[in-house]
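Summary of structural features
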Amino acid sequence: MSRDTFDGKTMTFIGVSTGGWFGEGTALKREPYRYNIVELRDSVVAGISVEAFHWLLDHSIAFNKYLMRQFLVGLSRQRVNVALKALAAQGVIRLEYGRLTVPDIRKLTHPSTP
């Protein structure tokens with residue numbers, strides 16, 4: 001997901017992994033979509049109209065639960081990425097190819113554990 005800047009450069013915001021979701025903020029605000037979406041490999045992409053999105057929002061508990069999980073507990077994707085990189089730098093987690101792994105779960109509760 002990217003956007004072209006005023007000086008003609010491309011600024012990439014995120015890569016969306018398998019099963020990922022994007023565009024919910026634009027749909028919630030009923031704004032025109034302002035980003036370029038480019039697939040980097042064979043992909044299946046599903047989209048719904050803004051009207052369908054808002055109908056699901058108003059009528060589906062399951063859809064609302066899914067959205068809450070996507071919103072990363074009220075944190076922006078950027079802040080979560082900063083936190084994940086800091087944890088990876090400390091060796092608490094490992095980020096590889098868009099996947100997050102926890103090498104030793106004890107380090108999450110006891111950071112001094114060797």
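Residues numbered from 1 in each chain as written. Predicted model: local features only at pLDDT ≥ 70, side-chain atom pairs only at ≥ 80, totals over all residues. Heavy atoms only, no water.

Applying the stated criterion across every chain yields a total of two salt bridges. Among the ionic pairs, glutamate 31 bridges to lysine 29, the shortest N-O distance being 3.9 Å. Residue class for glutamate 31 comes out partly exposed when judged on its relative accessible area of 30%. Take lysine 29: its relative accessible area is 53%, and that puts it in the exposed class. (Salt bridge = Lys/Arg side-chain N within 4 Å of Asp/Glu carboxyl O. Buried < 20%, exposed > 50% of the residue type's maximum accessible area, 1.4 Å probe, protein only.)

This paragraph deals with the packing of aromatic side chains. A full pass over the atoms with the stated rule returns three aromatic pairs. Centre to centre, the rings of tyrosine 33 and tyrosine 35 are 5.4 Å apart; their planes meet at 75°, and the pair counts as edge-to-face. On the basis of relative accessible area, tyrosine 33 is assigned to the partly exposed category, the value being 37%. Look at tyrosine 35 and you get partly exposed, because its relative accessible area is 24%. Taken together, the ring pairs connect Phe22, Tyr33 and Tyr35 into an aromatic cluster. (Phe/Tyr/Trp six-rings, centres within 6.5 Å; stacked < 30°, edge-to-face > 60°.)

Let us look at the side chain of threonine 26. Among the secondary structure elements, threonine 26 is positioned in helix H1 (residues 24-29). Given a relative accessible area of 11%, threonine 26 falls into the buried group. Residue contacts for threonine 26: discarding those within four places in its chain leaves Glu31, Pro32, Tyr33 and Tyr35. (Helix = DSSP H or I, 4+ residues; strand = E, 2+ residues; numbered from the N terminus. Contact = heavy atoms within 4.5 Å.)

The next subject is the confidence of the model for the chain. When the pLDDT values of the chain are averaged, the result is 77; 79% of them are 70 or greater. Within the chain, helix H5 (residues 106-109) has the poorest average pLDDT of any element, 56, and helix H2 (residues 50-59) the best, 90. (pLDDT = per-residue confidence, 0-100.)

Our focus in this paragraph is unusual backbone geometry. Despite not being glycine, arginine 30 shows a phi value in the positive range, around 55°. Turning to its location among the elements, arginine 30 is positioned in the loop between H1 and H2.

For the rest of this paragraph, the subject is the packing of H2 against helix H3 (residues 61-70). Contact geometry for H2 and H3: axes closest at 6 Å, N-to-C directions at 105°. Relative to H3, the element H2 lies roughly perpendicular. Mapping the contact onto sequence places Phe53, Leu56, Leu57 and His59 in H2 and Ile61, Phe63, Asn64 and Leu67 in H3. The class makeup of the residues in the contact of H2 with H3 is six nonpolar, two polar and no charged. (Axes fitted to C-alpha atoms, helices over the stretch in contact; angles between N-to-C directions. Parallel < 35°, antiparallel > 145°, perpendicular 65-115°, else oblique. Nonpolar A, V, L, I, M, F, W, Y, C, P; charged D, E, K, R; others polar.)

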